[in-house]
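Close look at the chain arrangement
Now for the letters of each chain:
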Amino acid sequence: MTQQQLNKNRHELRRGSLVLAVLMALREQAQYGYSLRQQLIKAGLEVDEGTLYPLLRRLENQALLRSEWRLGEPQGRRRRYYQCTDRGLALSAELWQEWRALEQVLHHLEANK
Amino acid sequence: MNNSQSPSADSWRERYLGAVSRFLPAGEQDDICAELDDMISDKLESQQSDDDEQQMLAVLDQLGHPMRLAAGYHQQALIESEVIPIYRLVLKYVLLISLSIVTLVSLLNVGRTEDFALIQFVLQLAWVLAFDGLVIFAIITLIFQALGKQQLEGFYKNWKPQQLPEFLRRDNKIALGDCIVELLSSTFGLLLLNGWIIPGLLFFNNEKAVAAHAVPEVLALLPWFNLILLLSMLLNLINIFQPFWTRTKLFADATLSLIGAVLLLLAASHSRIIDLALPVGSDFIELEPYVQMFVRSILLIFAVVLIVFGIRSLARALKL
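All values derive from a computational prediction rather than experimental measurement. (Residues numbered from 1 in each chain as written. Chains lettered and ligands numbered in written order. Predicted model: local features only at pLDDT ≥ 70, side-chain atom pairs only at ≥ 80, totals over all residues. Heavy atoms only, no water.)

What follows concerns the sheet that holds strand β3 (residues 78–84) of chain A. All names here are of chain A. Pairing within the open sheet is antiparallel, and its three strands lie in the order β1-β3-β2. With partners counted over all chains shown, the strands left at the sheet margins are β1 (31–32) and β2 (65–71), one partner each. Taken together, the seven bridges between β2 and β3 define a ladder with antiparallel strand orientation. Looking across to β3, one finds that L71 is bridged to R78. (Pairing = 2+ DSSP bridges. Helix = DSSP H or I, 4+ residues; strand = E, 2+ residues; numbered from the N terminus.)

And the structure:
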């Protein structure tokens, strides 16, 4: 296996889980793009702006997120805040169940190798 | 926009956002750019540096090629979203060049046709443009489907923010619709002045059409009007390909507007502007001075509009 193959597969694996991560991060509290990215990085999920910002728009177009421009702290600049809709919350719960099931499958396969 | 940055740092930011907005989905450019603008400010605030300009260039370098950033905002359809900005750019250029050539050839052929019919010509041209447009669209789409995003990796990777030219600034942007309207207006003016649409202006006298032609003194200005209109068409064609003002383009635009205004004023300065082909003893002859006054007023209105446009472009060029 080459480094390039590893990077490509790792990238795809993380990209697949990004929707769930974003929905989970926006369940409780509205956040703007930059603060959300910082939260994801702090949690260990590195994501570039070119992926995260368009994803937020797509999720909003699918009515999974809602957004509004409002004054943010501490600089008092207008920022676009995103938060989960009811539909987004429902999807996040479903995907989380799916994730757990997948995790069990992988654990099972790892234990039987 | 963060106003605490130095002018040069702000200029780089404006160029970058201008470049990104060119490739964003129509109707969403302003909103997405406002969000990206805000994100750049956040990134800058998180990095403390004494050199605003270098800090800005470093942030833009992290964000990567404007086309790549804009690509994420496109929905994947026939083409992978990563390829869509460059696909749309190529499609636009090829369509404009090919369809302009087709239109030009058709217009040149009009001069050779003995029994020219406007409606038939317009319908034939529309059919040819639609057919050729579809063929070009299919060929370019197939090529880009075969290409895939891997082919563009090198193109995106080698990009540096220092390559962003000044004219990409968002406030220099020219709306595509404006270019097309001006191009069509110049083309229509050219066809009208040369009698390709209607052979001379028409006035109606008791349901009988009376042809009116320019007097020889005004007719002598026709080659100059044609030249200005052709140059204006050329400038608008260039603006469609490069929808951003540069100082040279603004000076050219101002010059064309002001020369056009001078020509209109020269035409309006003659005591008689048009000759009406009136039968001897016609009642309509009493109205002739009013017709001259009407035509003169139209010419003066156009001249004033062109002077305003010319001065506006000149002021903008000097400010740039």
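Contacts between chain B and chain A engage 18 residues on the former and 18 residues on the latter. Here chain B meets chain A over a buried area of about 1,600 Å², counting both sides, of which 45% is carbon and sulfur. Of all residues in chain B, the largest losses of buried area upon contact with chain A belong to B:E35, B:D38 and B:D42, amounting jointly to 31% of the total for that side. For the pair chain B and chain A, the interface holds nine salt bridges. Of the charged contacts, one joins B:D42 and A:R79 as a salt bridge, the two residues approaching to 2.5 Å between their closest N and O atoms. Linking chain B with chain A are 12 residue pairs in polar contact (both at pLDDT 80 or more), by the criterion used here. Residue contributions to the side of chain B that touches chain A peak at 11 residues, all from helix α2 (residues 29–46) of chain B. For the side of chain B that touches chain A, the per-class residue count stands at six nonpolar, four polar and eight charged. (Contact = heavy atoms within 4.5 Å. Buried area = accessible area lost by both parts, 1.4 Å probe. Salt bridge = Lys/Arg side-chain N within 4 Å of Asp/Glu carboxyl O. Polar contact = N/O pair within 3.5 Å; in protein donor to acceptor, adjacent residues only side chain to side chain. Nonpolar A, V, L, I, M, F, W, Y, C, P; charged D, E, K, R; others polar.)

Moving on to the packing of helix α1 (residues 3–25) of chain A against helix α4 (residues 86–111) of chain A. Residue and element names in this part refer to chain A. Their axes nearest at 9 Å, the elements α1 and α4 cross at an angle of 130°. Considered as vectors, α1 and α4 are oriented oblique to each other. The chirality of how α1 crosses α4 is left-handed. Contacts between α1 and α4 pair S17, V19, L20, L23 and M24 from the former with G88, L91, S92, L95, W96 and W99 from the latter. (Axes fitted to C-alpha atoms, helices over the stretch in contact; angles between N-to-C directions. Parallel < 35°, antiparallel > 145°, perpendicular 65-115°, else oblique. Left-handed = near helix turned anticlockwise from the far one by under 90°.)

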